[in-house]
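If you want the building blocks of each chain, they are given just below.
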Amino acid sequence: MEIIITDSPKLVAERSANLIQNLINKNPYPVLGLATGSTPVALYEKLIDLYKNNFLSFKNVTTFNLDEYVGLDPEHLQSYRYFMNEKLFNHLDINIENTHLPDGMKENPLESGPEYESLIKKAGGIDLQVLGIGANSHIGFNEPTSSLGSRTRIKTLTQKTMKDNSRFFKKDEFQPHLAVTMGISTIMESRKIILLATGKNKADAVKNAVEGPVTSVCPASALQWHPNTTVIVDFDAAEKLEYKDYYKFVLLEQDKLIQRFGGNQV
Ligand code: PGA
């Protein structure tokens, strides 16, 4: 794992946008995995900015989001489809037909997972997957104790996640407790992963994911097995990391190697 510790959430967004920009510029038909939640919003604003200033085009980009609630139609203000359209897709030159989220409205929601897996496969797999991390270390909606070998399927949300996400729902509004989410094993097949975290409330989750044992109790710890994951965090989210100085040293050494021999960040 490569760990990048930045001074601010703004820099987390900029560093991650750079990685996505590199991917889009070097790959004629890039496949991006995207996430919802508060953390990636600043990244999406940065991508919109790059597009509006003609530094980036999303014409040939295909996207797959991590997850969607079961029982919220795409028009629902809290559905992840609505969120992605509002926060990103509506502001880009992306072909909306090439943007995918799991179908949370299928008559038989059990069919959504396998269908989504085939779509990802048909697209040639995911080149770069963006992840946030829950305070309980979930990735996507893979809650603690999710199988590390899991594929896209229905998951029941924990009370903690329900509570964390209740801020998005009006009082007395229906808040789904089921979601269709890419599995941990699905996520692990992405060729590159970037995990973003900001704020003190993520410090324990980041510490456990990066420096704790690999265990289904901390789903993000599975990423320790991924050969090309970059964790980009601000100071607050990095607060509890033990090897902070080492991570900085690694990046300095890596920069020297890139300057000497060239190389690409993605
Ligand atoms: P957040 O959610 O970005 O809103 O903190 C992250 C997550 O639950 O994966």
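Everything below is about the structure printed above this text.
Criteria and thresholds
Residues numbered from 1 in each chain as written. Predicted model: local features only at pLDDT ≥ 70, side-chain atom pairs only at ≥ 80, totals over all residues. Heavy atoms only, no water. Near = heavy atom within 4 Å. Polar contact = N/O pair within 3.5 Å; in protein donor to acceptor, adjacent residues only side chain to side chain. Areas by Shrake-Rupley, 256 points an atom, 1.4 Å probe, with all protein chains shown as cover. Nonpolar A, V, L, I, M, F, W, Y, C, P; charged D, E, K, R; others polar. Helix = DSSP H or I, 4+ residues; strand = E, 2+ residues; numbered from the N terminus. Phe/Tyr/Trp six-rings, centres within 6.5 Å; stacked < 30°, edge-to-face > 60°. Buried < 20%, exposed > 50% of the residue type's maximum accessible area, 1.4 Å probe, protein only.

Draft legend 1. Spotlight on the site of the ligand. If you check the shell around the ligand, you find Gly37, Ser38, Thr39, Gly132, Ile133, Gly134, His138, Arg167 and Lys202 and nothing else. Thr39 is positioned such that a nitrogen or oxygen atom in its side chain is 2.5 Å from an oxygen atom of the ligand. Taking His138, its side chain carries an N or O atom lying 2.7 Å from an oxygen atom of the ligand. Burial of the ligand by the protein amounts to 82% of the accessible area it has alone, namely 280 Å². Broken down by class, the residue content of the shell around the ligand amounts to one nonpolar, six polar and two charged.

Draft legend 2. Structural view of unusual backbone geometry. With a phi close to 65°, Asn54 is a non-glycine residue in the positive phi region. Residues other than glycine seldom take positive phi values, yet Thr145 does so here, at roughly 80°. Locating Thr145 in the fold gives a position in the loop between β6 (128-131) and β7 (153-156).

Draft legend 3. Broad picture of the packing of aromatic side chains. This model, assessed by the stated rule, comprises six aromatic pairs. Relative to Phe141, the ring of Tyr80 has its centre 6.0 Å away and its plane inclined at 15°; by these criteria the two rings are stacked. A residue pair is termed long-range when its members are at least 10 positions apart, and Tyr80 in helix α3 (residues 80-87) and Phe141 in the loop between β6 and β7 qualify at 61 residues. For Tyr80, a relative accessible area of 11% puts it in the buried group. On the accessibility criterion, Phe141 (3% relative accessible area) is buried. Seen from their ring centres, Tyr246 and Tyr247 are 6.3 Å apart, and the 55° between their planes marks the pair as tilted.

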